[in-house]
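Residue strings, one per chain:
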Amino acid sequence: MFQTIDSFLKAWEYEARQTQKVLDTLTDDSLNQAITSENWTLGRIGWHIVTAIHIIASPTGLEFEGQGKDWPVPESAQFIARKYQQASESFVNAIKTQWTNEHLQNTTHFFGQNMSNGVIMQFFINHQIHHRGQMTVLMRQAGLPVPGLYGPSKEEWAKYGMEAPQL
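Residues numbered from 1 in each chain as written. Predicted model: local features only at pLDDT ≥ 70, side-chain atom pairs only at ≥ 80, totals over all residues. Heavy atoms only, no water.

A. Layout of the environment of F64. With respect to the element layout, F64 can be found in the loop between α2 (42–57) and α3 (77–98). The class of F64 is buried, set by a relative accessible area of 12%. The spatial distance from the C-alpha of F64 to the C-alpha of S88 is 10.0 Å, given a sequence separation of 24 residues. Sequence-distant contacts of F64, defined by excluding residues within four places in its chain, comprise I53, H54, A57, A87, S90, F91 and A94. (Helix = DSSP H or I, 4+ residues; strand = E, 2+ residues; numbered from the N terminus. Buried < 20%, exposed > 50% of the residue type's maximum accessible area, 1.4 Å probe, protein only. Contact = heavy atoms within 4.5 Å.)

B. Broad picture of the layout of surface pockets. Taken as a whole, the largest pocket encloses approximately 250 Å³ of empty space. Lining the largest pocket are 13 residues, and of these W12, E13, A16, S88 and V92 lie nearest its centre. Going through the elements one at a time, α1 (5–25) and α3 are the ones with two or more residues in the lining of the largest pocket. Partitioned by chemical class, the residues of the lining of the largest pocket number 5 nonpolar, 3 polar and 5 charged. (1 Å grid on protein atoms, 1.4 Å probe; cavity = no way out; pocket = protein on both sides within 12 Å on 5 of 7 lines; lining within 4 Å. Points joined across faces, edges and corners; volume = space filled by probe spheres on them. Nonpolar A, V, L, I, M, F, W, Y, C, P; charged D, E, K, R; others polar.)

C. Geometry of α1. Along its 21 residues, α1 runs 30 Å from first to last C-alpha, staying within 8% of the 30 Å computed at 1.5 Å per residue. Buried within α1 we find I5, F8, L9, W12, E15, A16, Q18, T19, Q20, V22 and L23. Packed against the buried residues of α1 are α2, α3 and α4 (117–141). (Expected span 1.5 Å × (residues − 1).)

The structure is reproduced here in structure tokens:
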């Protein structure tokens, strides 16, 4: 749970940068990658992350521009990545201009329960992390390089002068 706007924004800045790296790696051809036909595609998960910014933050009373509909999924990976960046920047600006630390203590009815906005903001970050993990698996299946998020990825060890761990 976040107690201060500053602590939330520092965490969001890092996590948004990591999400942007993942989205920037996608290609149009990779957007249809799925584990099975019964599961979301890579593009569907990416677009969900974009639209979730507005969908999750709006109930807290924040007002900003963002994508509110998560269907249909765009066919352009570049469009998805650009819309994420725009929504994230708009969201951050809304936090900076509309909230004080006290707003994090306010309670919002969210997913059938009352939560403090500080808890919702933690949920928000965890939500992105969860879906990024799903995306990295699908990216491997699609043959895309996976960017390192919390350390080097398989492709990045050499860049640090290190040998990749054995399979």
